[in-house]
Amino acid sequence: MTNAADSLPQDVATLQALLLTERAARLAAESEAKFHALLIEKLKYTIAKLRHLKFGQSSERSAILEQLELQLSDLEENAAQAQAAAELAAAKAKTTVQSFERLKPARRPLPEHLPRERLVHPAPAACPCCSGVLHKLGEDVTETLELVPRQWKVIQHVREKFACRSCESITQPPAPFHPIARGRAGAGLLAHVVFAKYGLHLPLNRQSATYAREGIDLDVSTLADWVGACAATLMPLVERIRAHAFAAERIHADDTTVPVLAKGKARIGRLWTYVRDDRPFAGRDPPAAAYFYSPDRGGKHPEGHLAGYAGLMQADAYAGFNRLYEVHRKPGPIIEAGCWAHARRKFFDLARISKAPIAIEAVERIDALFAIERDINGKSSSERKRVRNELSRPLVVALEVWLREQRTKLSSGNQVAKAIQYSLNCWRGLVRFLDDGRLCMSNNAAERALRCVAVGRKNWTFAGSDLGGCRAAAIYTLIETAKLNDVDPQAWLSDLLARLADHPVRRIDELLPWNWKRAHQTKAAA
C-alpha cells in the first residue's frame, strides 16, 4: 500500500503553498456555512411570524410565505452542502474544523401506526478479540422511514354456482355492484385518479405517463371516461353539500378566472365559490364550500346560484351582486358585508411600492382592527359584538373621520385618493361587522377556498370545455368541503364510490363528510 506521505511534494515552499491553499478553502467553506446558518434562522423567524398572523390580506401573505419557504428550503440545502464541503476540506488537510452551531432539521417521532419491519444485522459468532463465546446483552434499534412503491392488483370477484339435486334449480350470489356503470376500475383507483386531478392538480396525461412507468397502460381517454362517470355518480353528494352551504345564516362569496379551450384560442370562464363556515362565531354546523362554473362573469350567474338564499353575504364590491341586495328581492334580500382585506390591499400596495405616508397609516389603523379580531375569533356572536362595540367601533369611527379629511387634501387622480374613495364607497358594508357578531372582517374564507383553483391553473392551464368547468366545480365542492372538515378527501371518495351504488337515497346525508367522519370515529373507538 502506498503511504499518503509519499504523494506529497518534497520541497518546503510547495508544501507551504499547498497548506495555505487548503486552509483558505477550509476557512471559506466554514464562513459560507456560518452565513447560511444565520440566514436560515432569520428566515425561520420571518416565516413563523407570518404563519402566526391569521388575519390580514391573504393573497399577499400566502405569496410571501411561498417565496420565503422556497428560499428557506434552498438555503438549508446550501448550508448542508457548505458544511459537508468544510468537513471534506478539513479531512483533506488533516485538521479539525472549528465547530459552529447550525440548527439541525426538526426530527419528529416516526408515526406509531406504521408497520415495523425488523432487519437484524448479523453479529459475530465469536468474540473478535479472544474467540470466546458471546452472550446477548440487549440491542439498539435505529428506525429509518422508508417508502415502498404502491402495488397494483387485480381483484377477482368469484360467484360460485350451486345446483339443487332435488328441484334442479341453480343458485348463485348476485353480481357485485360496480362503482361506475362502465369500466373495470375499483373504487380506490377511481378515487385516486379523481383526487390526483383535482386535489393534487395532476392532469390526466401526466397520470397516464406515471402509470405506464409502473407497467400499467391506462390511456388518457380511459381515465377521462372514469372521471366523467365518477362525477355523475357523486352528484347527489354535491347537491347535498350545496344545499347545506346555502342553509347558512351567513356565507362568503368570491370568484376567479378559468381559461376554457375554445376554437383556436382560450376564453375566460369563471369558477364561483360560496363558503359556509360558522366556526369564527362558535357555530356548531359543519363548514362547506360550494362551487359553480359559468362561461362569463355576468351578474345573472350568482343570481341563479343564490336564487333560494336570503341572509348575510360577505363579498367584494363586485357590481354583479347589486341586484341581490335589493330590498324587495324574493325570497328575501341578501345583506351585504364588505371585506376589509380588499380595502386594506389597496393601501398596502401603495405603502409597499410608493411608501405613501397616508397609505402606511391606513394600513396600521386597519391592522389594529384585525388584531382585535384575532382575540375574539371562535367566541360567541354576542361576545364578539360586545368586544367590537367596546374596542373596534371607536377605531372605525376615527378611521372614517381621518379618511374623509385625507381625501379632501388629495386630487381625484391621486392613487391614494382612489384607495380612500374605494373604502368610503363601500363603507356601509365595511362597518356592518360591528353590529353583527356572526360576520367576519374579511372575505378570506372564500379566497382560501379558491386557492385550489389558482394552484391548479398552473398545471392544467385551461378547462377543456364548459362541461369540464362544471365537472371541476362539482369535484372541488367535494374535495374542499372534506378538507374543511378535516377528512381525507381520497379516503372519503373511495368509500363513497364503493357504497353509493346500493346506498338508499333517503340516507344520503349519512355519507356527508362530517357524518362520515363521526361514523368512522365511532367505529374505531368501539
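Below is a summary of the structure that appears in this document.

The secondary structure content of the chain amounts to 16 helices and seven strands. Looking at the chain residue by residue over its 526 residues, the buried ones come to 40%. Across the chain, every contact between residues at least 6 apart in sequence was considered, and the portion connecting residues at least 24 apart equals 64%. Counting every atom, the chain has about 31,500 Å² of accessible surface; 56% of that belongs to carbon and sulfur.

With that settled, consider the environment of E383. By secondary structure assignment, the location of E383 is in helix α9 (residues 381-408). Assessed through its relative accessible area of 27%, E383 is described here as partly exposed.

To continue, consider helix α3 (residues 187-198). Over its 12 residues, α3 extends 17 Å from the first C-alpha to the last, a length consistent with the 16 Å expected when each residue adds 1.5 Å. The inward-facing, buried residues of α3 abut α4 (204-213), α5 (220-245), α14 (466-484) and α15 (489-499).

Note that D277 resides in the loop between β4 (265-276) and β5 (288-294). Given a relative accessible area of 8%, D277 falls into the buried group. Filtering out sequence-adjacent residues up to four positions away, D277 remains in contact with R250 and P287.

Time to look at the side chain of S423. With respect to the secondary-structure elements, S423 resides in helix α10 (residues 415-425). Other than its neighbours up to four places away in sequence, S423 contacts A343, F347, L403 and L430.

What follows covers the packing of aromatic side chains. Counting across every chain of the model gives 12 aromatic pairs. Measuring from centroid to centroid gives 5.9 Å for Y274 and F292, while their planes differ by 65 degrees, and the two rings are edge-to-face. Of the two residues, Y274 is situated in strand β4 and F292 in strand β5; the sequence distance between them amounts to 18 residues. Here the aromatic rings of Y318 and F321 are separated by 5.0 Å at their centres, their planes lie at 85 degrees, and the arrangement is edge-to-face. One Lys or Arg, R242, reaches over the ring of F292 and ends 4.3 Å from the middle of that ring. Looking at R297, its charged tip hangs above the ring of Y318, at a distance of 4.1 Å from the centre.

Turning next to the pattern of salt bridges. Taken as a whole and assessed by the stated rule, the structure comprises 27 salt bridges. Its salt-bridge partner being R267, residue D466 comes within 2.9 Å of it at the nearest N-O pair. Taken together, the positions of D466 in helix α14 and R267 in strand β4 put the pair 199 residues apart, joining distant regions of the chain. In this structure D466 comes out as partly exposed when scored by relative accessible area, which is 29%. The class of R267 is partly exposed, set by a relative accessible area of 31%. For D436, the salt bridge goes to R438, with nearest N and O atoms at 2.7 Å. Judged by relative accessible area, D436 falls into the buried class, the value being 14%. A relative accessible area of 25% places R438 in the partly exposed class. Residues participating in the shared-partner salt-bridge network are R118, K136 and E139.

It is worth spelling out the packing of α3 against α15 at this point. Angle between the axes and distance between the axes: these two values describe a pair of packed helices. Put simply, α3 and α15 touch, their axes get as near as 8 Å, and they point 135 degrees apart. Classified by the interaxial angle, the pair formed by α3 and α15 is oblique. Handedness of the crossing formed by α3 with α15: right-handed. The residues of α15 that touch α3, namely those facing A187, G188, L190, A191, H192, V194 and F195, are P489, Q490, L493, S494, L497 and A498. Across the contact of α3 with α15, the residue classes break down as nine nonpolar, four polar and no charged.

This part covers the nonpolar core. Formed by 72 residues in total, the largest nonpolar core has its most connected members in L237, L306, M313, F321, L478, W492 and L493. Excluding its chain neighbours within four sequence positions, the residues that come into contact with L493 are A191, V194, L234, L478 and I479. Core analysis: the next-biggest nonpolar cluster, separate from the first, contains 32 residues, A359, I366, V396 and L399 among them.

This part covers the environment of I216. Checked against the element boundaries, I216 lands in the loop between α4 and α5. The spatial distance from the C-alpha of I216 to the C-alpha of W152 is 8.5 Å, given a sequence separation of 64 residues. Residues contacting I216, with those up to four places away along its chain left out, are W152 and Y211.

Take the packing of helix α7 (residues 340-353) against α10 next. The contact between α7 and α10 brings their axes to 9 Å, and the two run at 170 degrees. Here α10 runs roughly antiparallel to α7, going by the angle between their axes. Judged by residue contacts, H342, A343, K346, F347 and L350 of α7 engage Q415, V416, A419, I420, Y422 and S423 from α10. Across the contact of α7 with α10, the residue classes tally to seven nonpolar, three polar and one charged.

S392 marks the point of greatest bend in α9, at about 45 degrees, and the proline P394 comes within the next four residues. Inspection of α9 places R384, V387, R388, S392, V396, L399, W402, L403 and Q406 among the buried residues, and these make up the whole buried set. In this structure, the buried residues of α9 make contact with α7, α8 (357-376), α10 and α11 (427-430).

Tallied over the entire structure, the rule returns zero disulfides. Left without a disulfide partner, C130 is nearest to the cysteine sulfur of C127, which lies 3.9 Å away. Its relative accessible area of 57% is what places C130 among the exposed residues. C339 provides the cysteine sulfur closest to C426, a residue in no disulfide bond, and the two sulfurs are 9.8 Å apart. Exposure remark for C426: the relative accessible area of 17% places this residue in the buried category.

Cut-offs and rules
Residues numbered from 1 in each chain as written. Predicted model: local features only at pLDDT ≥ 70, side-chain atom pairs only at ≥ 80, totals over all residues. Heavy atoms only, no water. Helix = DSSP H or I, 4+ residues; strand = E, 2+ residues; numbered from the N terminus. Buried < 20%, exposed > 50% of the residue type's maximum accessible area, 1.4 Å probe, protein only. Contact = heavy atoms within 4.5 Å. Areas by Shrake-Rupley, 256 points an atom, 1.4 Å probe, with all protein chains shown as cover. Expected span 1.5 Å × (residues − 1). Phe/Tyr/Trp six-rings, centres within 6.5 Å; stacked < 30°, edge-to-face > 60°. Lys NZ or Arg CZ within 6 Å of the ring centre and 35° of its normal. Salt bridge = Lys/Arg side-chain N within 4 Å of Asp/Glu carboxyl O. Axes fitted to C-alpha atoms, helices over the stretch in contact; angles between N-to-C directions. Parallel < 35°, antiparallel > 145°, perpendicular 65-115°, else oblique. Left-handed = near helix turned anticlockwise from the far one by under 90°. Nonpolar A, V, L, I, M, F, W, Y, C, P; charged D, E, K, R; others polar. Core = buried A, V, L, I, M, F, W, Y, C linked by side-chain atoms within 4.5 Å. Bend = angle between axes of the 7 residues up to and from the residue. Disulfide = S-S within 2.5 Å.

The quantities given are spatial measurements derived from coordinates; they are silent on function.
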